[in-house]
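Commentary on secondary and tertiary structure
Residues per chain are reported as follows:
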Amino acid sequence: MRQIRLFRLSCLVAAIITTSSAFATESSSAPPYFEWKVENFAINEPLGGLPGDAKRGRAIAGNQSRGNCLACHLLPIPEEPFFGNLGPPLTGIGSRQAIGMIRLHVVDQSRFNPETVMPGYYRTPAQLNRVAKQLKGKTWLNAQEIEDVVAYLASLK
Amino acid sequence: MKTLILIHFLISVLALTTAYAQQPLSGFDYLMQEMQEMQLDDFGNPGMLTVDAGEILFSTPGENGKSCASCHGDDGSKLDIKNIASYPVYSADLKKPLTLRAQILLCQDERIGSPALKHSSEQALQLEAFVRRLALGETVKVDVSGEMTPYYEAGKKLFHTRWGQVDIACHQCHVYHAGRTFRGQTLSQGQSNGFPGYRYTEGKAVSSPERISGCLANLRAEPYASDSEEYINLEVYMNARGNGLKIETPGIRY
């Protein structure tokens, strides 16, 4: 009986520690915004120098609540139904465009085409108008996610 | 590089002019056939429940024993359907445009003596749907001359304003890309002639401002209040933009 009580107590303590540390990481995990520079329609330096992971990038591109690239583009992700056709097909984009150009398109397509319908996934938050309160000052994807998606798109040859 | 930019510019101008030259098309024309049939069938159209609820409210007496039907006829037969199709209209008393819903609420407030309905309430939507339905098949004809012009221009500006984290303006989807597919949905021209209508993706009846709020939420932007100046101006612009279309209330839309 005493052991059970001890076990319960330790569970409770563990739960408190994990939740509080989760909150701590939540507040401190607001990722920093890295400045980027456009040269000749490309961003050649990875955001914050972060390395991208194509496998994670594929998951973000196919996820409706993260990148949701499929809403507008055709991509070789056969397990997801319904592709949109607002944007061009991206199959083989890695052999058509340099990685720096792909990065600019994902970060802020409006720097390439001012009338674009494509969201800027890492557009400077201060340039946005009437953003929902809970999203103020945030970019859609964080720098790591951008690099992952860029790595995935560059791998489509 | 300069020639490249010039060519790019010329292509964009060409695309813009052709896009803007297009005729207004009802959202009905972008629906799949099953949905079109459902809309045309009064018993199959779920928006008719809202219209029917509005019909009951229309003849429900207020505190002074009068109802809308006391003046406008039992089934609204004494209402001028051409007038219904011309809303929003300019009110000289209020010195601003009056939307159909605002007009109904004003009328209720002044003549029935019931406690005023909230602009965003379900009953206000039902009454608006019933009254707009009376003008089924009538041609939308909003007059934007004279005092209405500044409101029309303000609405037009809002329609071309980028919003939210997604940073897209209405016209970018509903003018440039109407007819293309966004995931499984076909983008329409965003015309308001089917509203108040039934929104399939939400499973409920919505008015045009509520639908705009839905769009703004998708754009990760902060929606406005349903009776805000912005939505009034947008309704003036959007209804006038659809001048010539037939009223379809309750239209079924995605």
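Values in this document were obtained by computation on a predicted structure and should not be read as measured data.

Definitions and limits used
- Residues numbered from 1 in each chain as written.
- Chains lettered and ligands numbered in written order.
- Predicted model: local features only at pLDDT ≥ 70, side-chain atom pairs only at ≥ 80, totals over all residues.
- Helix = DSSP H or I, 4+ residues; strand = E, 2+ residues; numbered from the N terminus.
- Rg over C-alpha atoms; globule rule 2.2 N^0.38 Å.
- Buried ≥ 20, exposed ≤ 12 C-beta atoms within 10 Å, placed from the backbone.
- Contact = placed C-beta atoms within 7 Å.
- Axes fitted to C-alpha atoms, helices over the stretch in contact; angles between N-to-C directions.
- Parallel < 35°, antiparallel > 145°, perpendicular 65-115°, else oblique.
- Nonpolar A, V, L, I, M, F, W, Y, C, P; charged D, E, K, R; others polar.
- Left-handed = near helix turned anticlockwise from the far one by under 90°.
- Expected span 1.5 Å × (residues − 1).
- pLDDT = per-residue confidence, 0-100.
- Pairing = 2+ DSSP bridges.

Looking only at helices and strands, chain B has 11 helices and seven strands in total. Against the globule reference of 18 Å for 254 residues, chain B gives a C-alpha radius of gyration of 19 Å, in line with a compact fold. Along the first, second and third principal axes, the C-alpha atoms of chain B reach 75 × 45 × 30 Å. In chain B, which comprises 254 residues, the proportion classed as buried is 40%. In chain B, the share of contacts with a sequence separation of at least 24, taken over all contacts with a separation of at least 6, comes to 72%.

This part takes up the overall build of chain A. Helix and strand counts for chain A stand at five helices and zero strands. Seen in sequence order, chain A has helices and strands lined up from the N terminus as α-α-α-α-α. Looking at the 157 residues of chain A, the share that counts as buried comes to 30%.

All names here are of chain A. Two elements in contact, helix H2 (residues 54–62) and helix H5 (residues 143–154), have axes whose closest approach is 7 Å; the angle formed by their N-to-C orientations is 100°. Considered as vectors, H2 and H5 are oriented roughly perpendicular to each other. Contacts between H2 and H5 involve Ala54, Arg56, Gly57, Arg58, Ile60 and Ala61 on the former and, on the latter, Glu145, Asp148, Val149, Ala151 and Tyr152. Here the residues of the contact of H2 with H5 sort into six nonpolar, one polar and four charged.

Moving on, we come to the environment of B:Thr50. Residue and element names in this part refer to chain B. Relative to the elements of secondary structure, Thr50 occurs in helix H3 (residues 48–58). Along the sequence, Thr50 and Val142 sit 92 residues apart, while their C-alpha atoms lie 25 Å from each other. Those residues in contact with Thr50 that sit more than four places away from it in its chain are Leu125, Gln126, Ala129, Pro196, Ala205 and Pro250.

Quick look at unusual backbone geometry now. The omega angle of the peptide bond from B:Tyr87 to B:Pro88 is 0°, so this bond is cis rather than trans. Examined against the element boundaries, B:Pro88 turns out to sit in the loop between helix H5 (81–84) and strand S1 (89–91). In this structure, B:Pro250 follows B:Thr249 across a cis peptide bond, with omega equal to -5°. With respect to the helices, strands and loops of the structure, B:Pro250 is situated in the loop between helix H11 (229–241) and strand S7 (252–253). Phi is positive for A:Phe82, which is not a glycine, with a value near 60°. Residue class for A:Phe82 comes out exposed when judged on the 12 C-beta atoms lying within 10 Å of it. Phi is positive for B:Asp167, close to 60°, though the residue is something other than glycine. Structurally, B:Asp167 is set in the loop between helix H8 (149–159) and helix H9 (170–174).

Residues and elements named next belong to chain A. As a packed pair, helix H4 (residues 99–108) and H5 sit with axes 9 Å apart at the nearest point and diverge in direction by 130°. As judged from the angle between their axes, H4 and H5 are oblique. The handedness of the crossing between H4 and H5 is right-handed. For the pair H4 and H5, the contacting residues are Ile99, Ile102, Arg103, Val106 and Val107 in the first and Ile146, Val149, Val150, Leu153 and Ala154 in the second. Residue classes in the contact of H4 with H5 are distributed as nine nonpolar, no polar and one charged.

Moving on, we come to helix H6 (residues 100–111) of chain B. Residue and element names in this part refer to chain B. If you check H6, its first and last C-alpha atoms are 16 Å apart, about what 12 residues at 1.5 Å a residue would give, namely 16 Å. Those residues of H6 not exposed but buried are Leu100, Arg101, Ala102, Ile104, Leu105 and Gln108. Two residues or fewer past H6, Gly113 is found with a positive phi of approximately 75°.

On to the confidence of the model for chain B, then. Residue and element names in this part refer to chain B. Summing up the model confidence of chain B, the mean pLDDT is 91 and the portion of residues at 70 or higher is 91%. The spread of mean pLDDT over the elements of chain B runs between helix H1 (residues 2–20), the lowest at 59, and H8, the highest at 97. Here the prediction assigns the complex a pTM of 0.84, and the interface score ipTM is 0.78.

As a further point, take the confidence of the model for chain A. In this model, chain A carries an average pLDDT of 85, and 81% of its residues clear a pLDDT of 70 or more. Counted against residues more than four places away or in other chains, residues 11–28 of chain A, with its pLDDT under 50, gives zero contacts.

Residues and elements named next belong to chain B. Strand order in this open sheet of three strands is S6-S5-S7, and the pairing throughout is mixed. Looking at strand neighbours, the two that pair on one side only are strand S6 (204–206) and S7, the edges of this open sheet. As paired strands, strand S5 (residues 197–199) and S6 are joined by three bridges and run antiparallel to one another. Counterpart to Arg199 in the pairing with S6 is Lys204.

To continue, consider helix H7 (residues 122–134) of chain B. Residues and elements named next belong to chain B. Helix length check: H7, at 13 residues, gives a terminal C-alpha distance of 19 Å against a target of 18 Å (1.5 Å per residue), a fit within 8%. H7 sits mainly inside the fold: 11 of its 13 residues count as buried. Within H7, the full set of buried residues consists of Ala124, Leu125, Gln126, Leu127, Glu128, Ala129, Phe130, Val131, Arg132, Arg133 and Leu134.

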